[in-house]
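Analysis of the macromolecular model
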Amino acid sequence: QGQLVESGGGLVQPGGSLRLSCAASGSIFEVNDMRWYRQAPGKQRELVATITSGGTTNYADSVKGRFTISRDNAKNTVYLQMNNLKPEDTAVYYCNIDKLRVVWTWKYDVWGLGTQVTVSS
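The text that follows walks through the structure, step by step, so that each part is easy to find. These numbers were taken from a predicted model, which means no experiment stands behind them. (Residues numbered from 1 in each chain as written. Predicted model: local features only at pLDDT ≥ 70, side-chain atom pairs only at ≥ 80, totals over all residues. Heavy atoms only, no water.)

A word on the packing of aromatic side chains. The full count for this structure, using the stated rule, is two aromatic pairs. A centroid spacing of 4.8 Å and a plane angle of 50 degrees characterise the contact between Tyr 37 and Trp 111, whose relative ring orientation is tilted. Taken together, the residues Tyr 37 in strand S5 (residues 34–39) and Trp 111 in strand S11 (residues 105–111) connect sequence positions 74 residues apart. Aromatic pair Tyr 94 and Trp 111: ring centres 6.5 Å apart, planes at 80 degrees, arrangement edge-to-face. With a gap of 17 residues between them, Tyr 94 in strand S10 (residues 91–102) and Trp 111 in strand S11 connect regions that are remote in the sequence. Classification of Tyr 94 as buried rests on a relative accessible area of 14%. Across the ring face of Trp 111, the terminal group of Arg 45 is positioned such that the distance to the ring centre comes to 4.7 Å. Above the ring of Trp 106, the side-chain terminus of Lys 99 is found at 5.0 Å from the ring centroid. (Phe/Tyr/Trp six-rings, centres within 6.5 Å; stacked < 30°, edge-to-face > 60°. Helix = DSSP H or I, 4+ residues; strand = E, 2+ residues; numbered from the N terminus. Buried < 20%, exposed > 50% of the residue type's maximum accessible area, 1.4 Å probe, protein only. Lys NZ or Arg CZ within 6 Å of the ring centre and 35° of its normal.)

Such a bond, covalent and formed between the sulfur atoms of two cysteines, is termed a disulfide. Using the criterion set out here, one finds one disulfide in the structure. The disulfide partner of Cys 22 is Cys 95, and the S-S distance across this bridge is 1.8 Å. Negative torsions about the S-S bond denote left-handed disulfides, and the value of about 45 degrees found for Cys 22 with Cys 95 makes this one right-handed. Of this pair, Cys 22 sits in strand S3 (residues 18–24) while Cys 95 sits in strand S10, placing them 73 residues apart in sequence. In this structure Cys 22 comes out as buried when scored by relative accessible area, which is 1%. Residue classification places Cys 95 among the buried positions, given a relative accessible area of 1%. (Disulfide = S-S within 2.5 Å.)

Spatial strand order, S1-S3-S9-S8: four strands in an open sheet with antiparallel pairing. The strands lining the two open edges of the sheet, one partner per strand, are strand S1 (4–7) and strand S8 (67–72). On average, each strand axis in the sheet is inclined to that of its neighbour by 15 degrees, with strand direction left out of account. When S3 meets strand S9 (residues 77–82), the two strands line up antiparallel, connected through six bridges. Note that in S9 the partner of Cys 22 across the bridge is Val 78. (Pairing = 2+ DSSP bridges. Axes fitted to C-alpha atoms, helices over the stretch in contact; angles between N-to-C directions.)

Right, let's get into the pattern of salt bridges. In the structure shown here, the tally under the stated rule is six salt bridges. The salt bridge partner of Asp 61 is Lys 64, with a shortest N-O separation of 3.2 Å. On the basis of relative accessibility, which here comes to 67%, the residue Asp 61 falls in the exposed class. Residue Arg 66 is joined to Asp 89 by a salt bridge in which the shortest nitrogen-to-oxygen separation is 2.7 Å. In this pair, Arg 66 sits in the loop between strand S7 (57–59) and S8 while Asp 89 sits in the loop between S9 and S10, placing the two residues 23 residues apart along the sequence. Look at Asp 89 and you get buried, because its relative accessible area is 0%. (Salt bridge = Lys/Arg side-chain N within 4 Å of Asp/Glu carboxyl O.)

Structure representation (structure tokens):
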């Protein structure tokens, strides 16, 4: 209950596109802000994009104009559409929800296991 499962990663050539998905499982009644992070080898985890419960979005400067975050509240799912991918986008991508309610129980700072995105020719 309240686990996050990412999908959609893979190998893509520079300039290509991928769409990541992250679904929260179980009897989810409320979901607050949803985020995508990424971590490249040897680097710290960085925030890529945020979408609030009200639909406001924010992006890291490095992905603005190329990535789009969206959410489907009926499916408790967050998406990350990634276009014009660059080799420097190569990383493990993680979704995060700062708080969600499973029936009557709140869970905080929930993370998925990550999905690998590799951009290479």
